[in-house]
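Observations on the model geometry
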Amino acid sequence: MQMIKEEFDAIVIGAGMSGNAAAYTMASDGLKVLQLERGEYPGSKNVQGAIMYANMLEKIVPDFRDDAPLERHLVEQRLWVMDETSHTGIHYRSDDFNEVKPNRYTIIRAQFDKWFSRRVRGAGATVLCETTVTELVRDAKGKVIGVRTDRAGGAIYADVVVLAEGVCGLLGTRGGLRKMLKPEAVALAVKEMHFLPEEVIEQRFGVKGSEGCVIEAVGTISNGMAGLGFLYTNKESISLGIGCLVSDFAAKMESPYALLDALKNHPSIRPLIAGSEVKEYAAHLIPEGGYKAIPQLFGDGWVVVGDAAQLNNAVHREGSNLAMTSGRIAAEAIIQVKRRNDPMTKRNLALYKTMLDKSFVVKDLRKYKDMPALLHTNARNFFTTYPRLMSQAAQNFMRVDGTPKIEKEKATTAAFIKARSRLGLVSDAIRLALAWR
Amino acid sequence: MTNPGTKLRVEDKLYQNRYLVDSGRPHIKVRPHKQPSANLLALTRVCPAKCYELNDKGQVEITADGCMECGTCRILCETSGEIEWNYPRGGFGVLFKFG
């Protein structure tokens with residue numbers, strides 16, 4: 001393909017969760033959609049844990065369970081606080097999650113995105129891979145009217161451009177639509193794919209059939225930085241990874257692969273992945289700035305969705321569902337503007353933000369608006385001091401050694417006060433409660 | 001801080017990945033410098049593909065062949081102008097089988 005002469009209703013940049021949701025929704029409504037993806041195939045540049053939340057996808061592709069590549073539906077979630085030799089955990093497992101239409105699935109993104117893209121094409125959109133968009137094209141008044149790519153040929157024009165370009169957001173930041181991400185508002189995560197026979201995974205995690213289990217962990221594994229480790233069971237593999245704020249990585253001169261290797265060798269993790277074959281190592285950024293980091297979401301001839309719009313709920317580790325919902329809502333706003341035969345101006349596209357503000361996406365992010373700053377400024381306390389204290393307290397409680405219980409309790413209390421002082425403990429609790437509220 | 005054995009291990013990790021390298025057209029360049037800034041120096045540790053290394057003059061150099069296009073170096077060093085960062089041309093670069 002050399003030149004694309006035709007003009008489109010919409011150009012979608014990127015074939016990740018938000019881009020696919022936007023392209024699918026618009027194409028299904030009959031809009032003429034061109035989607036551009038720089039990877040060899042949709043998903044080849046995309047990285048996620050990954051947990052996919054069914055409700056949000058159902059709103060876009062109601063029959064996705066018929067043919068989407070889903071790994072395991074989650075029946076058990078383990079939240080761990082770890083120190084060097086131990087983990088203290090809350091586990092929630094319920095047979096209620098064995099439902100006809102399960103609520104959460106693990107997925108493998110490259111495969112999932114290929115499936116989603118087939119649906120996008122099936123809905124009538126034109127999907128062009130191996131095409132990097134290099135520039136937004138504007139008219140004399142500054143309205144975005146199309147894009148230029150690294151393919152031969154000139155600009156491609158559309159009434160509106162949907163920027164679903166991912167967390168790096170090169171076009172938006174270079175085009176002056178939003179500011180560059182700050183190192184303290186973004187995490188770097190690395191992960192490996194560990195392959196094991198299906199029955200080994202079932203035995204180790206106590207699951208059967210397509211049941212799945214996930215572990216998410218904080219503690220000394222992040223070496224004093226604000227971070228999270230995760231282990232997700234897929235059908236025949238385990239996704240194991242860890243992410244920390246980029247600002248913390250830089251300040252500590254820490255290597256992400258060293259953290260990952262330490263996590264793999266942790267006595268609580270090592271037996272779970274023993275004997276596995278690693279088939280891929282991936283790295284990706286995750287927006288962590290929350291509500292306060294949400295940039296301008298629309299303008300003359302453009303909207304921004306998904307990770308590029310920093311729509312990620314760090315507290316609940318939700319990202320792809322916010323991405324696909326923002327893509328759907330942006331598409332629905334564009335469809336409404338088009339139906340009225342109105343131009344895709346900033347004023348008319350403000351409908352996208354109005355609709356997004358009413359959705360769970362912005363409501364959830366607003367709820368935790370103070371959390372990123374709290375965790376960032378108190379990383380050592382929340383990710384090292386407290387996990388160690390918790391582990392010591394648990395061991396003190398469990399170990400039977402003839403020490404009178406009253407003395408054990410006193411020792412635990414004294415350890416907390418010594419580490420953080422009475423005032424520090426109260427202040428941490430209040431600040432956490434306020435940020436959670 | 002990483003231990004001396006780490007370099008070997010990250011190369012082993014990257015060996016699992018598929019890449020289509022755009023020979024002679026690196027998508028990231030380091031601006032010539034006498035002494036690296038703290039952030040640029042940090043990339044020798046923080047880059048998850050260990051693309052950045054110190055040469056014997058104490059300057060930071062990049063070999064972007066194993067780059068996973070995460071953008072960490074861009075976040076830390078693009079604003080200061082120390083690196084020039086672009087995506088590879090369409091179809092080139094890392095190709096995740098699983099992601």
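Keep in mind that what you see is a predicted model, and the values were worked out from it rather than measured. Each chain has its residues counted from 1, following the order in which its sequence is written. To read the labels, note that chains go from A and ligands from 1, taken in the order they are written. Given that the model is predicted, a residue must reach a pLDDT of at least 70 before its local features are reported, and side-chain atom pairs must reach 80 or more before they are shown or counted; all residues, however, enter totals for whole chains, interfaces and linings.

1. So, the overall build of chain A
Within chain A, the regular secondary structure consists of 14 helices and 17 strands. Its C-alpha atoms give chain A a radius of gyration of 23 Å, within 12% of the compact-globule value 22 Å for 437 residues. Seen along its three principal axes, the alpha-carbon backbone of chain A occupies a region of about 85 × 50 × 40 Å. Burial analysis of chain A (437 residues in total) assigns 51% to the buried set. By the criteria applied, helices consist of DSSP H or I runs no shorter than four residues and strands consist of E runs no shorter than two, each listed in order from the N terminus. What the globule rule says is 2.2 Å times the number of residues to the power 0.38, and the radius of gyration is computed from C-alpha atoms. Any residue with 12 or fewer other C-beta atoms within 10 Å of its own C-beta is exposed, any with 20 or more is buried, and the rest are partly exposed; the C-beta atoms used are placed from the backbone.

2. Focus on the interface of chain A and chain B
Buried accessible area, meaning the area lost when the parts come together, often serves as the stated size of an interface. This entry defines residue contacts through backbone-placed C-beta atoms, with two residues in contact when those atoms are within 7 Å. The partner chain B presents 34 residues to the 44 residues of chain A that form the contact. Among the elements of the structure, helix H3 (109-122), strand E11 (186-195), helix H6 (246-252), helix H7 (256-264) and strand E15 (277-287) of chain A are those that each provide at least two residues to the side of chain A that touches chain B. In terms of residue count, the dominant contributor to the side of chain A that touches chain B is E15(A) (8 residues). Split into classes, the residues belonging to the side of chain A that touches chain B amount to 25 nonpolar, 8 polar and 11 charged. Charged residues are taken to be Asp, Glu, Lys and Arg, nonpolar residues to be Ala, Val, Leu, Ile, Met, Phe, Trp, Tyr, Cys and Pro, and polar residues to be all remaining types, Gly included.

3. So, the environment of A:Arg151
Within the secondary structure, A:Arg151 is located in the loop between strand E9 (144-149) and strand E10 (156-163). C-alpha of A:Arg151 to C-alpha of A:Met52: the two residues are 99 residues apart in sequence and 33 Å apart in space. Discounting chain neighbours no more than four positions away, the residues touching A:Arg151 are A:Thr131 and B:Gly90.

4. Topic: the UniProt feature "domain: FixC-like C-terminal" (unreviewed entry) in chain A
Mapped onto this structure's residue numbering, the UniProt feature "domain: FixC-like C-terminal" (unreviewed entry) falls at residues 371-437 of chain A. Taken end to end, residues 371-437 of chain A is 88% helix and 0% strand, and its first and last C-alpha atoms sit 10 Å apart. UniProt positions are given in the numbering used here, feature names are shortened, and annotations may be inferred rather than shown by experiment.

5. A few points about the packing of helix H9 (residues 320-339) of chain A against helix H10 (residues 346-358) of chain A
All names here are of chain A. In contact at an axis separation of 8 Å, H9 and H10 are set at 140° when each is read in the N-to-C sense. Here H9 is positioned oblique relative to H10, judged by the angle of their axes. Handedness of the H9/H10 crossing: right-handed. Between H9 and H10, the contacting residues are Ser326, Ile329, Ala330, Glu332, Ala333, Gln336 and Val337 on the first element and Asn348, Leu349, Leu351, Tyr352, Met355 and Leu356 on the second. Classifying every residue of the contact of H9 with H10 by side-chain character gives 9 nonpolar, 3 polar and 1 charged. Fitted lines through C-alpha atoms serve as axes, helices being fitted only where they are in contact, and the angles separating the N-to-C directions of these axes extend from 0 to 180 degrees. Under this scheme an angle from 65 to 115 degrees is roughly perpendicular, one under 35 degrees roughly parallel, and one over 145 degrees roughly antiparallel; angles in between are oblique. The sense of a crossing depends on the near helix, which, turned anticlockwise from the far helix by less than a right angle, makes the crossing left-handed and, turned clockwise, makes it right-handed.

6. As for H10(A)
Residue and element names in this part refer to chain A. Its 13 residues place the ends of H10 19 Å apart at the C-alpha level, agreeing with the 18 Å of an ideal helix rising 1.5 Å per residue. When we look at burial in H10, the residues that qualify are Leu349, Tyr352 and Leu356. Down the axis, H10 shows its buried residues gathered within 30° of arc, on one side only. Facing away from the buried side of H10 by more than 90 degrees, the exposed set consists of Arg347, Thr354 and Lys358. In the core, the buried residues of H10 are packed alongside strand E16 (298-299), strand E17 (302-304), H9 and helix H11 (360-367). One less than the residue count of a helix, multiplied by 1.5 Å, gives the span that helix is expected to have. In this description, the arc belongs to the directions extending from the helix axis to the C-beta atoms.

7. Overview of the domain arrangement of chain A
All names here are of chain A. Each domain span listed reflects an automatic or database assignment of domains. Along its sequence, chain A is organised into domain 1 (8-70 + 107-179 + 295-367), domain 2 (184-287) and domain 3 (371-436). Spacing between the C-alpha centres of domain 2 and domain 3 amounts to 25 Å. Residue-level contacts link 11 residues of domain 2 with 8 residues of domain 3. Of the residues in the side of domain 2 that touches domain 3, the class split is 4 nonpolar, 5 polar and 2 charged.

8. A word on H9(A)
Counting along an α-helix, one turn takes 3.6 residues, and residues three or four places apart therefore face a common direction. Residue and element names in this part refer to chain A. Between its terminal C-alpha atoms H9 stretches 28 Å, which fits the 28 Å expected from 20 residues at 1.5 Å a residue. The element H9 is extensively covered by neighbouring structure, given that 16 of its 20 residues are classed as buried. Positive backbone phi, approximately 60°, marks Asn341, located one or two places after H9.

9. With respect to the environment of B:Cys77
All names here are of chain B. Its location among the elements puts Cys77 in helix H3 (residues 72-77). Of the residues examined, Cys77 has 25 C-beta atoms within 10 Å and is grouped as buried. For the pair Cys77 and Val30, spaced 47 residues apart in sequence, the C-alpha to C-alpha distance is 9.4 Å.

10. Quick word on unusual backbone geometry
Residue and element names in this part refer to chain A. With an omega of 15°, the peptide bond running from Gly49 to Ala50 counts as cis. Even without being a glycine, Asn223 presents a positive backbone phi close to 55°. Within the secondary structure, Asn223 is located in the loop between strand E12 (211-219) and strand E13 (227-233). You can call Asn223 buried: it has 21 C-beta atoms within 10 Å.

11. Considering the pairing of strand E2 (residues 33-36) of chain A
Residues and elements named next belong to chain A. Neither face of E2 is left uncovered, since the one carrying Val33 and Gln35 and the one carrying Leu34 and Leu36 both have all their residues buried. In the sheet, strand E1 (residues 8-13) pairs with E2 via 4 bridges, with the strands oriented parallel. In the sheet register, Ile11 faces E2, and the bridge partner there is Leu34. The definition of a right-handed crossover adopted here requires that, viewed with the strands pointing away, the path from the first strand over the helix to the second runs clockwise. Between E1 and its parallel partner E2, the chain crosses via helix H1 (residues 17-28), and the hand of that crossover is right-handed. Two strands form a pair only when DSSP identifies at least two bridges running between them. With 3 bridges joining them, E2 and strand E7 (residues 126-128) adopt parallel strand pairing.

12. Structural notes on the packing of helix H13 (residues 379-398) of chain A against helix H14 (residues 405-436) of chain A
In a packed pair of helices, the relevant descriptors are the angle between the two axes and the axis-to-axis distance. Residues and elements named next belong to chain A. H14 packs onto H13 with a crossing angle of 155° between their chain directions and a minimal axis gap of 9 Å. Relative to H14, the element H13 is oriented roughly antiparallel. The way H13 lies across H14 gives a crossing that is left-handed. Together, Asn381, Thr385, Leu389, Gln392, Ala393 and Asn396 of H13 and Lys408, Ala411, Thr412, Ala415, Phe416, Ala419, Arg420 and Asp428 of H14 make up the contact between the two elements. Its residues assigned to classes, the contact of H13 with H14 comprises 6 nonpolar, 5 polar and 3 charged.

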